[in-house]
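Chain and residue survey
Chain residues, written in single-letter form:
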Amino acid sequence: MKKILVTASTFPRYEHDTEPKFIYDLCKEYAKYYDVTVLVPSAWGALNREEMEGLHVIRYRYFPIKKLETLAYPGAIVPRIREKKARALLIPFLFISMFFAIRREIKKVDLVHANWIIPQGIIQSLFSKKPYVLSGLGGDVTSLNKGIVKKWKNKALGDAAAITVVSADLKASLHKEFGFDQVEILPMGVNMEQFSPANRVENFFDTDKKGTILFVGRLVEKKGTRYLIEAMAKVDATLIIVGDGPEMTKLVELAQGIDADIRFVGAKNKKELAVLNASCDVFCAPAVVAKDGDKDGLPVAIIEAMASGTPIVASQIGGLAEAVVDNYNGLIVEPGNVKDLVSKLNLLLDDDELRNKLSRQAIEKAHEFDFSKIGARYKEIFDRIIEEES
């Protein structure tokens, strides 16, 4: 059996972790065909080595005091630094440790799949003799495109045996910034068995409002959460906000000044999300482009909501436009337009027939993102590269 190494900076730290699982779920698909080792940063409370459903997971240490290894979890590296600028001091330690960790493991495998151009892709390009597939997932493509960092990213992309991104929007961004055209669009997927309308619990949120609106995501600028909170002043519904992040305090203060039922419930694991998604009436993704140019790729949270039979209200930002088709599986709103959000949310809550139609078609659309299909497409790329190298 061929061996592949998957590198990433977001990965579950333990069973039922609230960290995003999309890399984990994708690796489980790979494990149907290959011997898979996953290399990710260490985290407090996580084992340095373990077996997880057939995956060999290695968490490399990058600082002598494990409690201070806080650069990658919870959340993502850039938001973690924005939340506490002192964490930037950990960057060189992470890069150096990642280099030596890859050097140890790369001799044992036939191919590497590096997720995120920065930091994994940049470090991987130092081992360009070993073929690697490089995947851009969002902000790693659209931001930090100046000076020496852009040169590093350009080298990482140029040395890759194949490049994938999760949306056509990111492919266009790669072409605009770096001139690359040979790029495959492979979105992150969804487990259609785990996310399903069958998980619905009636009145799960114990509310006397007209309905329930769900938001799931990191509480950062590009998610546009503040606009959804402002809209709730004129929407007769309960808003459930799932997630954490550097904007939490500011958003809680904003919500306290609005006469509405807005509940911050923190991060949730996949089992909990499956119930939340199926039990709400509308899923809202009011994304915007951040001041630094960062924007969403194609959030897995939207695909999971679709698989749960939940109609979407979303901005046409980044890859969202590729998952949400206006008046088919959701309704499109203008980014940052509170009035438009109010109108579309109320329309869905008031019109049972429309909501049910969009719900059925959301499930149909979600089948396009089934993890088994995504894994099979990656297998085609991996097998082609391995054969070319042999």
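Data block above holds the structure.
What comes next is a walk through the structure. (Residues numbered from 1 in each chain as written. Predicted model: local features only at pLDDT ≥ 70, side-chain atom pairs only at ≥ 80, totals over all residues. Heavy atoms only, no water.)

**Describing the sheet that holds strand β5 (residues 111–115)**
Condition: Two strands are counted as paired when DSSP detects at least two bridges linking them. Numbering of helices and strands runs from the N terminus; a helix is a DSSP stretch of H or I covering at least four residues, while a strand is a stretch of E covering at least two. Axis definition: a line fitted to C-alpha atoms, over the contacting stretch in the case of helices. Angles run 0 to 180 degrees between N-to-C directions. Contact between two residues is taken to exist if any of their heavy atoms lie within 4.5 Å; hydrogens are not considered.
On the basis of which strands lie adjacent, the open sheet formed by eight strands has the order β3-β4-β2-β1-β5-β6-β7-β8 and mixed pairing. Edge positions in the sheet fall to β3 (49–52) and β8 (183–185), since each of these pairs with one other strand and no more. On average, each strand axis in the sheet is inclined to that of its neighbour by 25°, with strand direction left out of account. Strand direction decides the pairing type here: strand β7 (residues 162–165) and β8, joined by three bridges, are parallel. From the neighbouring strand, Ile-163 faces β8, where its bridge partner is Val-183. Set on the sheet, helix α1 (residues 22–30) makes contact with β1 (3–7), β2 (35–41), β3, β4 (55–60) and β5; between it and β1 the angle comes to about 175°. Strands in contact with helix α6 (residues 147–159) are β6 (132–136) and β7; relative to β6, the strand with the most contacts, it is inclined by about 130°.

**What to know about α1**
Using the following cut-off: Relative accessibility decides the category of a residue: with a 1.4 Å probe and only protein chains considered, values under 20% of the type maximum give buried, values over 50% give exposed, and everything between is partly exposed.
Among the nine residues that make up α1, eight are buried, leaving the element largely enclosed by the rest of the structure. Of all the residues in α1, the buried ones are Phe-22, Ile-23, Tyr-24, Asp-25, Leu-26, Cys-27, Glu-29 and Tyr-30.

**Quick look at the pattern of salt bridges**
Operational definition: The rule for a salt bridge is simple: a side-chain nitrogen of Lys or Arg has to be within 4 Å of a carboxyl oxygen of Asp or Glu.
Throughout the structure, instances matching the rule amount to 25 salt bridges. For the salt bridge of Lys-150 with Glu-177, the shortest nitrogen-to-oxygen distance reads 3.1 Å. Placement of the pair is Lys-150 in helix α6 and Glu-177 in helix α7 (residues 168–178), with a sequence separation of 27 residues. According to the relative accessible area criterion, Lys-150 is partly exposed, its value standing at 25%.

**Some remarks on the environment of Gly-318**
Mapped onto the secondary structure, Gly-318 falls in the loop between β13 (312–315) and α12 (320–323). Remark: the alpha-carbon pair of Gly-318 and Val-288, spanning 30 residues in sequence, is separated by 8.9 Å.

**Quick word on the packing of aromatic side chains**
In plain terms, the rule: Two aromatic rings from Phe, Tyr or Trp, using only the six-membered ring of Trp, form a pair when their centres are within 6.5 Å; if the ring planes differ by under 30 degrees the pair is stacked, by over 60 it is edge-to-face, and anything between is tilted. Should the NZ of a Lys or the CZ of an Arg lie within 6 Å of a ring centre and within 35 degrees of the ring normal, that charge is described as sitting over the ring.
Within this structure, the stated rule accounts for eleven aromatic pairs. Arranged with centres 5.2 Å apart and planes meeting at 90°, the rings of Phe-204 and Phe-205 form a pair that is edge-to-face. Residue classification places Phe-205 among the buried positions, given a relative accessible area of 7%. Grouping aromatic residues by their ring pairs yields a cluster made of Tyr-30, Tyr-33, Tyr-34, Tyr-378 and Phe-382. Geometry around Phe-178 places Lys-150 over its ring, the cationic atom sitting 5.6 Å from the centre. Directly above the aromatic system of Tyr-33 lies the positively charged group of Lys-379, at a separation of 5.3 Å from the ring centroid.

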